[in-house]
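Here's the letter readout for the chains.
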Amino acid sequence: MEKKIAIAIIGAGASGMTAAIAAARNGAEVTLFEKNDRVGKKILATGNGKCNLTNLEFDLGQYFCEDKVKLQKQFDLFPVWETISFFESLGLMVKSKNGYVYPYSEQASTVLDILRMELGRCRVKVITGTEITEAACLGEGEGFQIKDKEGKTYYFDRLILSCGSPASLKKGDGTVGYEIAKGFGHRIKPVVPGLVQLKSNERFIKALAGVRCHADIKLMLDGEETACESGELQFTEYGISGIPVFQVSRIAAYALKKKQAVTVHINFFPEQEEKVFFYTNRLRYETQLEKTLEEFLTGTQNKKINMVMIKQAGFHPEMKVKEAGWKKIWTIMQKYQCFIIPISDVNTMEKAQVCAGGVDYTQLNENLQSRLVKGLYFTGEMLDVDGKCGGYNLQWAWTSGYIAGMNAAKVK
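Rules and cut-offs
Residues numbered from 1 in each chain as written. Predicted model: local features only at pLDDT ≥ 70, side-chain atom pairs only at ≥ 80, totals over all residues. Heavy atoms only, no water. Helix = DSSP H or I, 4+ residues; strand = E, 2+ residues; numbered from the N terminus. Buried < 20%, exposed > 50% of the residue type's maximum accessible area, 1.4 Å probe, protein only. Contact = heavy atoms within 4.5 Å. Arc of directions from axis to C-beta. Pairing = 2+ DSSP bridges. Axes fitted to C-alpha atoms, helices over the stretch in contact; angles between N-to-C directions. Salt bridge = Lys/Arg side-chain N within 4 Å of Asp/Glu carboxyl O. Phe/Tyr/Trp six-rings, centres within 6.5 Å; stacked < 30°, edge-to-face > 60°. Left-handed = near helix turned anticlockwise from the far one by under 90°. Nonpolar A, V, L, I, M, F, W, Y, C, P; charged D, E, K, R; others polar. Core = buried A, V, L, I, M, F, W, Y, C linked by side-chain atoms within 4.5 Å.

Explain the overall build of the chain residue by residue, including any values.
Each helix and strand counted, the chain has 12 helices and 22 strands in total. The dimensions of the chain, computed from C-alpha atoms along their principal axes, are 95 × 45 × 35 Å. Taken over 412 residues, the chain has a buried fraction of 54%. A separation of at least 24 residues holds for 73% of the contacts in the chain among residues at least 6 apart in sequence.

Encoded structure:
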């Protein structure tokens, strides 16, 4: 009887568990190591606890990656419909909300339970509460030696690094995988928070805390528009949040790292063209001359926004519209379509949903095997591949986990 290939997978997150299942289904003997006391902790927080599995409107443009051609080939191997089929074969019922795919239960715990059951069915050996801190190749074709924090040594034929990233973990956690990768000669691209809030030192920010509204935002780097997004914007005591902010945050993080000037331009009336906006407000002006500025702006936007607009223009809320005159009124109104917020920083890695940067993706082949060390594979967040909100990062976890697991299990 042919001896089974022994595979170690370090990290039992979404991609690590998928890699374990794929490898075991392809005949390998799999051991899955997890430093926490249970597997899949991060999955429980995805999609606000509902677990946005993937997105029916898959778009490669939603990913940041240096080699989009290779990335597309990998998504061709395990696309969205394969993800849905994979989970349905495990007994999970799914549904779509505007293209976003969720479990019918809308509970991330359901997805985790399904994966855990399949790990058991596939006889994957799961070792929790064990942090692997060292790994070495014993020579081509000789396998790998890994050591845990207590110094216990294990030997395997193949090794898959699914260690994740520091995103959403307490400071200092989540970097062991990078150190192991560096030990094998892999480059680590600078790591910054992704899908995270943006901070501003402007005094008016605190006055807007708690406001939520639909808006368009433009990310400006050194005065040049670099990205634009639309959706629900949220103001916090320290800056801005919401999905449109998350989508541009990794770009802002790298720009700030390079000491570029970063600003966000907000349009609170994205549905109205400038000419329409002009004539609408000119008519409002002519029919509401007796009102104060505060009264005039009532019914346009959130009261907190209105008060900031008046103060930013240097006027008093009790000033009469007729006293201000049309030019001053138009000066205020224009700010609603181009409200500028200087960005001083991004929120911390502990608050980030994902991490940008990581193991250099170009040093891996299409099977996610290292070009430097045969038998070494990588998955998920460890790599410098990250996506925008909407299930894209979990899709990468399922895809990369499946490809690495399947290929690591092959007899070569």
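Talk me through helix 5 (residues 176-183); I want residue IDs and the actual numbers.
One full turn of an α-helix is made of 3.6 residues, so residues set three or four places apart face in the same direction. Within the span of helix 5, buried status applies to Gly177, Tyr178, Ile180 and Ala181. Angularly, the buried residues of helix 5 cover 160° about the axis, an arc narrow enough to put them on a single face. Of the surrounding secondary structure, the elements contacted by the buried residues of helix 5 are strand 8 (132-137), strand 11 (158-161), strand 12 (188-194), strand 20 (354-359) and strand 21 (376-378). The positive-phi residue at the C-terminal boundary of helix 5 is glycine 185, with phi of around 95°.

Give a detailed account of the pairing of strand 5 (residues 94-97), specifying residues and quantitative values.
Relative to strand 6 (residues 100-103), strand 5 is paired through 4 bridges, and the arrangement is antiparallel. Paired with lysine 95 across the bridge in strand 6 is tyrosine 102. Connecting strand 5 to the next strand, strand 6, in antiparallel fashion are 2 residues, including asparagine 98 with a positive phi near 55°.

Quick one: what's the story with the sheet that holds strand 17 (residues 262-267), residue by residue and with numbers?
Reading across from one edge, 18-17-14-15-16-13-19 is the order of the 7 strands in this open sheet, with antiparallel pairing throughout. Edge strands, defined here as strands with exactly one partner in the open sheet, are strand 18 (339-342) and strand 19 (345-346). Bridge count for strand 13 (residues 198-199) against strand 19 is 2 bridges, and the pairing is antiparallel. Counted as the bridge partner of leucine 198 is valine 346 from strand 19. Across the sheet, helix 7 (residues 243-257) lies against strand 13, strand 14 (212-221), strand 15 (224-235), strand 16 (239-241), strand 17 and strand 19, angled at about 135° from strand 15, the strand it touches most.

I'd like to hear about the pattern of salt bridges, residue by residue, with values.
Throughout the structure, instances matching the rule amount to 22 salt bridges. Between arginine 116 and aspartate 113 there is a salt bridge; the shortest N-O distance is 3.8 Å. On the criterion of helical spacing, the pair formed by arginine 116 and aspartate 113 is a turn pair, its members being 3 residues apart in helix 4 (residues 108-121). Each member of the salt-bridge network shares a partner with another, and the members are Glu66, Arg187, Lys189, Asp360 and Asp384.

Pulling in residues and values, what's your account of the packing of aromatic side chains?
Summed over all chains, the structure comprises 26 aromatic pairs. For the pair phenylalanine 78 and phenylalanine 86, a centre-to-centre distance of 6.4 Å together with 70° between the ring planes defines the contact as edge-to-face. Each member of the pair phenylalanine 78 and phenylalanine 86 is classed as buried. When the ring of tryptophan 326 is compared with that of tryptophan 330, the centres are 5.8 Å apart and the planes differ by 20°; the resulting orientation is stacked. A residue pair is termed a helical-turn pair when its members lie 3 or 4 positions apart in one helix, as tryptophan 326 and tryptophan 330 do in helix 11 (residues 321-337) at 4 residues. The class of tryptophan 326 is buried, set by a relative accessible area of 13%.

Before we move on, can you summarise the packing of helix 1 (residues 14-25) against helix 12 (residues 392-408) with the specific residues and values?
Relative to each other, helix 1 and helix 12 sit at 35°, their axes nearing to 7 Å. Crossing angle aside, the handedness with which helix 1 passes helix 12 is right-handed. Mapping the contact onto sequence places Ala14, Ser15, Thr18, Ala19, Ala22 and Ala23 in helix 1 and Leu394, Ala397, Trp398, Ser400, Gly401, Tyr402, Gly405 and Met406 in helix 12. Looking at side-chain class alone, the contact of helix 1 with helix 12 contains 9 nonpolar, 5 polar and no charged residues.

So what's going on with the nonpolar core? Which residues, and what values?
Counting 135 residues, the largest nonpolar core has Leu115, Ile266, Phe268 and Tyr336 as the members making the most contacts within it. With residues up to four places along the chain from it excluded, the contact list for tyrosine 336 reads Ile266, Asn267, Phe268, Phe269, Phe277, Leu297, Thr300, Gln301, Ile305, Asn306 and Met309.

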